Amino acid sequence: MRKELPLLITTVFGLLMVFGRWFWLGQLWGIESITDQWIIISNGFAVAIGVVNLTQLHGRNVQRRREHWPYSLVLIVAMYGYMAIALYETVEGPTATWLYDGLFTPIGSAMFALIAFYITSAAYRVFRVRTREATVLMICAVITMLGMAPIGEVLISGWHSVAEWGMDVPVSAAFRGITIGARLGFMATAMRIILGLERAHLGGYGAS
Amino acid sequence: MEEQTFWQKMMAIDRRIIYAILFVFVAIVMLNPIGLPIEISRDTEIYYNVVEELAETGEVLWLDAAFGPGSWGELGPMIEATLRHAFDRGVPVIGMAMWEQGGRMFATALNNVLEDPQYDHIEYGEDVVNLGFRPGGAGVVLRSATDDVYETFRGVDHDGNPLDDMPLAMQTERLHPDYVGHAVVYESGSPGGPVYVDYVHEPTGLEMSVGIIAMSVPGAKVYQDAGQYVGILPGATGCAQYELLIDHPGYAVMTQDVISLGMVFVTLLIILGNVGWLMTRQQAQ
Amino acid sequence: MLNPLMILADLPPPTWGIFAEGQVIPFLFGTAFVVVVYVLISRARAGEPIPEIRKIAGLDAVDEAIGRATEMGRPVHFGPGIGAVSNAQTIAAFAVLGYVAKMCAQYDTQLIQTNRNIYVYAVNEEIVKQSYLEAGRPDAYNPDDVRYISGFQWAYCAGVLGIMEREKPAANIMYGSWFAETMIFLEVGNIVGAIQIGATTNTAQLPFFIAAADYTLIGEEMFAASAYISKEPVLRGTVVGQDIFRILIFAIIIIGTILQQIDPEENPLARILTEF
């Protein structure tokens, strides 16, 4: 029963979604819209699971003084501290806004900006022309990289057009192939789930 | 112990030295811009024309900030430039966010633009509204398209103010071609433009475009080729071109020299890394 | 509230009496897909031969990666991407996680499993627990190793980087829907000396995986995983059905292209596909 009930629910709702999209009556009843409202509601409850897990894991880290426990303490203080402030003065309140704009936003931007450093380091240490294919990949990458930035056109007139053609034609063609294949994979996965053949999401990796 | 050769030392260089060189390099170019010429690409022109066409029809432009603070550097200036362009040409704008932090991203962009005295005449509620974020991601977009914008956003905007006092929000009953002229999604991940393709463009026929971070541009091209995206504003480079087209060079234009010379720096590192690798391999043989 | 009258006002009349506008072809295509898969599954159940799946190097490398981690006495990190639980890539990751968890349980190797999505976390917790049970090592299961990090992309990224720096996994398996954080994870994985396996259909991230990971599963390869790992003929049937449809789609593309060249104004195939 522990597995049969979730499988039944999955199949019923999978078929309901198919009915809501393909059939006129399904669209008239607005089935997709209704189920999406349910998802919105259940998303709200999901946050509680996250808070419980974080509290349990990091609470134990602090309690047992595990290695690096001060980081766990920072996380708990930050999580409950911000929650308390936001509950007291709403998320749009001055302190919550100040914390968000002054701390969260720059940290998020800094994380994204790290990509520049990591790509630079990887360019030097990882990107090797070990094979003919890797050499072709590298040449194409350099043409596109410099061509899409203003410097390409400064170095050689018409470079930008070559890079743009590369993006529009061969890259698009390859990506379409991958996308079509992936979409078929999506479809096969959906079909396996609706038919109850795929059970990996219920634990273990076995099938029907 | 055998002494290391020059190339062996080069290949074993501490990555922190590379980080430091990059930091110094970027800082120097930032402080001393060389002003490389910026050529306008076809994609940027198409995007520019979207707003120009809305100016002729007077239809609403719907913007979705589907990104967080991490992508502000690339996508924030795009929203600011689009708002300036729309306000200059009298195009009403409605903003929303599929991402939780997106509502604030849109609000920041709007505040930055409205600080300019040039836009003192812009009335919040009449010329622009920020609906903000509602939990549900794709579901919110679907409900806005098939049901009712007012109900989907529970009758309040990003700051919790009632939509009843905002004529623009009340007139725009749905995210549908009957009420909206064009939708633009500013995308840095998922959910992003494809949600609008599935739930808005395909079922209702509403035309849409995306402003997208540079590394995701190739993936978006597929949708443009299929006729689902009208325009793509590609990364900071596309935004810089757009800023020039609206005659308001801003943050994105400032970054172009850094991007260009950064690319040259990365190319040099790739060459140097490969030469070093070949030399050490040769020596080993 | 939902307003059926509002929808009715916009809803075009049904096609052939029952189908929504433009949904006849998707319906026929989907139904045909089910029929083909059903035939192949029936053949598999009856013991009749169905084609084998080719070797997928990236999945074979999972064993190697876990073996290496075991020898080094270091943990394995598994990331299921940052997509939602409804994302097909995340679902594909579930099957691989089950396999990885079972292997780790058998070899007594620590598995650190990090999550950005709370639903994905809940499912993964169950998968890992169940796999340890199936491996006969329920005592070795440590609930603290399946971790929810944060719902925010960059907070999740920062959390995982910290874990990788501190706990130094010997294997980093990134299987799912990845975005801009890909290169950061791969470079940190490289710094800590982990063997890295990547799988995604997000085309913008594939070049990073190919350049910086040791093994990459490209596009639909990742969806064959559950069939490949479980060796179940029934699941293999769905993968073969998928391939039959791939051939069909490419045949339609080629025929459509030829017809378009013959008469760009009146392409009957394009008309059927767009009208129905």
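A. Structural detail: unusual backbone geometry. The step from S190(B) to P191(B) runs through a cis peptide bond, and the omega angle for that step is 0°. For R65(A), which is not glycine, the phi torsion reads 50° and is therefore positive. Relative to the helices and strands, R65(A) is located in the loop between α3 (31-63) and α4 (69-89). For R65(A), a relative accessible area of 52% translates into the label exposed. A positive phi angle, near 55°, is found at W16(C), a position not held by glycine.

B. Expanded view of the interface of chain B and chain C. The partner chain C presents 17 residues to the 18 residues of chain B that form the contact. Of all residues in chain B, R15(B), D147(B) and M215(B) give up the largest surface area on contact with chain C, accounting jointly for 33% of the area buried on that side. Between chain B and chain C we count one salt bridge in total. As a salt-bridge pair, R15(B) and E187(C) come within 3.8 Å of each other at their nearest N and O atoms. For the interface between chain B and chain C, the tally reads zero residue pairs in polar contact (both at pLDDT 80 or more). Here the side of chain B that touches chain C is composed, by residue class, of three nonpolar, eight polar and seven charged.

C. Structural view of the sheet that holds strand β3 (residues 146-148) of chain C. All names here are of chain C. Strand order in the open sheet formed by six strands is β3-β2-β1-β4-β5-β6, with parallel pairing between adjacent strands. Each having just a single partner strand, β3 and β6 (215-218) make up the two edges of the open sheet. Across the sheet, the mean angle from the axis of one strand to that of its neighbour is 15°, orientation sign disregarded. Strand direction decides the pairing type here: strand β1 (residues 76-81) and strand β4 (residues 171-177), joined by five bridges, are parallel. Considered in β4, the bridge of V76 is made with A171.

D. Representation of the packing of aromatic side chains within the structure. By the definition in use, this model includes 27 aromatic pairs over all chains. Considering the side-chain rings of F104(A) and F152(C), the 4.9 Å spacing of their centres and the 65° angle between planes classify their relative orientation as edge-to-face. With one member in each of two chains, F104(A) in helix α5 (residues 94-125) and F152(C) in the loop between β3 and α6 (153-167) form a pair that bridges those chains. An aromatic cluster is defined as three or more aromatic residues linked by ring pairs; in this entry it consists of F19(A), W22(A), F23(A), W29(A), W16(C), F19(C), F27(C) and F276(C). Taking the ring centre of W69(A) as reference, the NZ or CZ of R65(A) above it sits at 4.6 Å. It is R104(B) that lies over the ring of Y100(A); its NZ or CZ is 4.4 Å from the centre.

Thresholds applied
- Residues numbered from 1 in each chain as written.
- Chains lettered and ligands numbered in written order.
- Predicted model: local features only at pLDDT ≥ 70, side-chain atom pairs only at ≥ 80, totals over all residues.
- Heavy atoms only, no water.
- Helix = DSSP H or I, 4+ residues; strand = E, 2+ residues; numbered from the N terminus.
- Buried < 20%, exposed > 50% of the residue type's maximum accessible area, 1.4 Å probe, protein only.
- Contact = heavy atoms within 4.5 Å.
- Buried area = accessible area lost by both parts, 1.4 Å probe.
- Salt bridge = Lys/Arg side-chain N within 4 Å of Asp/Glu carboxyl O.
- Polar contact = N/O pair within 3.5 Å; in protein donor to acceptor, adjacent residues only side chain to side chain.
- Nonpolar A, V, L, I, M, F, W, Y, C, P; charged D, E, K, R; others polar.
- Pairing = 2+ DSSP bridges.
- Axes fitted to C-alpha atoms, helices over the stretch in contact; angles between N-to-C directions.
- Phe/Tyr/Trp six-rings, centres within 6.5 Å; stacked < 30°, edge-to-face > 60°.
- Lys NZ or Arg CZ within 6 Å of the ring centre and 35° of its normal.

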